[in-house]
Amino acid sequence: MATIEEALEIERLERDIFRGASTKTQLPRTFGGQVAGQALVSAVRTVEPRFQVHSLHGYFLRPGNPGAPTVYLVDRIRDGRSFCTRRVTGVQDGDAIFTMSASFHLGDEGPSHQDEMAEVEPPDDLPDAATSMDPERLWAMREWEHWDIRPVPPERVTQRPGVVSPQQVWFRYRHPLPDDPLFHVCTLAYMSDMTLLGSSKVTHPDEPTQNASLDHAMWFLRPFRTDDWLLYDQSSPSAGFGRALTGGKIFDRSGRLVAAVVQEGLIRTLRS
């Protein structure tokens, strides 16, 4: 399967028009993380290097065809002294399949605080999916063979009062990646769509549903590397009417909160 470099590859067609590569996949529709990651790379290409991504907000409008490339149209909404804003639309066959706003910041001095990382089983104590006999994990391993993804077993997930649907997942890219911080941000945008909607099914494991990401928001809080262990501490605070709200805090192994994610997804009961 594709490496992350291949999955995020884009070609500049015009000043603000880009084409993202299609990659080999087992999925019937384009993986949402790939569309979000390529859209973010397109936005990054239109911003001066001194600006860093601090947030993105995206909507998945239509399922993408994984066998066809996606064209990304970038609008330069604002170029300020401290902030830049871009809007990106991903298009296939003349239809918008994804739209995203991304904001970039120079960085300033100010107060600092963060939530603490939960006490959680370290990744080295959890099995690598490559050694698993679980058919679902082996399928995911084939699709994302370059990622080391280690879910904490449900019975050992940190339980907190009032949190009804918790899930914790350690992950990292298996191979060394470039030092460019923006590449790691785009890689995390790709990865952040993986496993998050699954937190909505923790309390409904046997209920058959049609699942799809509807929207996706991220905030990048501190520098990090995606080729080192990150903890995706997830929960689903609400589900109803065929939709579920999910969220995740992403910590590095030392306990620094490096990113936050919120996503609403479709979890519609399958009709007989």
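Residues numbered from 1 in each chain as written. Predicted model: local features only at pLDDT ≥ 70, side-chain atom pairs only at ≥ 80, totals over all residues. Heavy atoms only, no water.

Caption draft 1: Representation of the layout of surface pockets in the model. Its volume calculated, the second largest pocket comes out at about 690 Å³. Lining the second largest pocket we find 21 residues, and of these Gly107, Phe220, Leu221, Arg222 and Pro223 sit closest to its centre. The set of elements that each furnish at least two residues to the lining of the second largest pocket consists of strand 3 (52–60), helix 4 (181–191) and strand 9 (209–220). Grouping the constituent residues of the lining of the second largest pocket by class yields ten nonpolar, eight polar and three charged. (1 Å grid on protein atoms, 1.4 Å probe; cavity = no way out; pocket = protein on both sides within 12 Å on 5 of 7 lines; lining within 4 Å. Points joined across faces, edges and corners; volume = space filled by probe spheres on them. Helix = DSSP H or I, 4+ residues; strand = E, 2+ residues; numbered from the N terminus. Nonpolar A, V, L, I, M, F, W, Y, C, P; charged D, E, K, R; others polar.)

Caption draft 2: Molecular detail of helix 4. For helix 4, a buried count of ten out of eleven residues is recorded, marking the element as mostly surrounded by other parts of the structure. Of the residues making up helix 4, those classed as buried are Leu182, Phe183, His184, Val185, Cys186, Thr187, Leu188, Ala189, Tyr190 and Met191. The residue sitting at the N-terminus of helix 4 and contributing the capping side-chain oxygen is Asp180; that oxygen lies 3.1 Å from the backbone nitrogen of Leu182. (Buried < 20%, exposed > 50% of the residue type's maximum accessible area, 1.4 Å probe, protein only. Polar contact = N/O pair within 3.5 Å; in protein donor to acceptor, adjacent residues only side chain to side chain.)

Caption draft 3: Up close: the environment of Arg256. Residue placement: Arg256 occurs in the loop between strand 11 (243–252) and strand 12 (257–269). Between the C-alpha atom of Arg256 and that of Leu40, which follows or precedes it by 216 residues, the distance is 23 Å. A distance of 2.7 Å separates a polar atom in the side chain of Arg256 from a polar atom in the side chain of Asp252.

Caption draft 4: Here's a closer look at empty space enclosed by the protein. Per the counting criterion, the structure on display carries one cavity of 30 Å³ or more. Along its surface, the largest cavity is lined by 30 residues, and Ala7, Thr23, Lys24, Gln34 and Tyr190 are the ones closest to its centre. Counting residues per element, the ones that place at least two in the lining of the largest cavity are helix 1 (4–7), helix 2 (32–44) and strand 4 (70–79). The greatest single-element share of the lining of the largest cavity, amounting to three residues, is contributed by helix 2. Looking at the lining of the largest cavity residue by residue, the class counts come to 16 nonpolar, eleven polar and three charged.

Caption draft 5: View of the state of the cysteines. Per the counting criterion, the structure on display carries zero disulfides. With no disulfide of its own, Cys84 lies 15 Å from the sulfur of Cys186, the closest cysteine sulfur. You can call Cys84 buried: its relative accessible area is 3%. (Disulfide = S-S within 2.5 Å.)

Caption draft 6: Summary view of a nonpolar patch on the surface. On the surface, Trp219, Leu221, Leu245 and Val262 cluster together into a nonpolar patch covering about 300 Å² of accessible area. Tracing the chain through its elements places Val262 in strand 12. For Val262, a relative accessible area of 35% corresponds to the partly exposed category. (Patch = residues over 30% accessible without salt bridge, like charges linked within 9 Å, V, L, I, M, F, W, Y side chains within 5 Å. Areas by Shrake-Rupley, 256 points an atom, 1.4 Å probe, with all protein chains shown as cover. Salt bridge = Lys/Arg side-chain N within 4 Å of Asp/Glu carboxyl O.)

Caption draft 7: Quick look at the sheet that holds strand 10 (residues 230–240). The strand order 1-2-4-5-6-3-9-12-11-10-8-7 describes an open sheet built from twelve strands, whose pairing is antiparallel. Of all strands in the sheet, those with a lone pairing partner are strand 1 (10–14) and strand 7 (147–151), marking the two edges. Across the sheet, the mean angle separating the axes of adjacent strands is 25 degrees when strand polarity is ignored. Bridge count between strand 3 and strand 9: five bridges; the pairing is antiparallel. Looking across to strand 9, one finds that Tyr59 is bridged to Asp215. (Pairing = 2+ DSSP bridges. Axes fitted to C-alpha atoms, helices over the stretch in contact; angles between N-to-C directions.)

Caption draft 8: Local environment of the side chain of Thr30. Along the polypeptide, Thr30 turns up in the loop between strand 2 (17–20) and helix 2. Polar contacts involving the side chain of Thr30 include one to the main-chain carbonyl oxygen of Asn65, which spans 3.3 Å. In this structure Thr30 touches Val35, Gly64, Asn65, Pro66 and Gln92, once residues within four positions along its chain are discounted. (Contact = heavy atoms within 4.5 Å.)

Caption draft 9: Local environment of the packing of aromatic side chains. Under the definition given, this model contains seven aromatic pairs. Taking 5.0 Å as the distance between ring centres and 45 degrees as the angle between the ring planes, the aromatic pair formed by Phe60 and Phe98 counts as tilted. You can see Phe60 sitting in strand 3 and its partner Phe98 sitting in strand 6 (residues 95–105), a full 38 residues away along the chain. An identical accessibility class is assigned to Phe60 and Phe98; each is buried. (Phe/Tyr/Trp six-rings, centres within 6.5 Å; stacked < 30°, edge-to-face > 60°.)

Caption draft 10: Examining unusual backbone geometry more closely. The phi dihedral of Asp93 is positive, around 50 degrees, even though this residue is not glycine. Take Asp93: it is sitting in the loop between strand 5 (83–92) and strand 6. Here Asp93 falls in the exposed class, since its relative accessible area comes to 76%.

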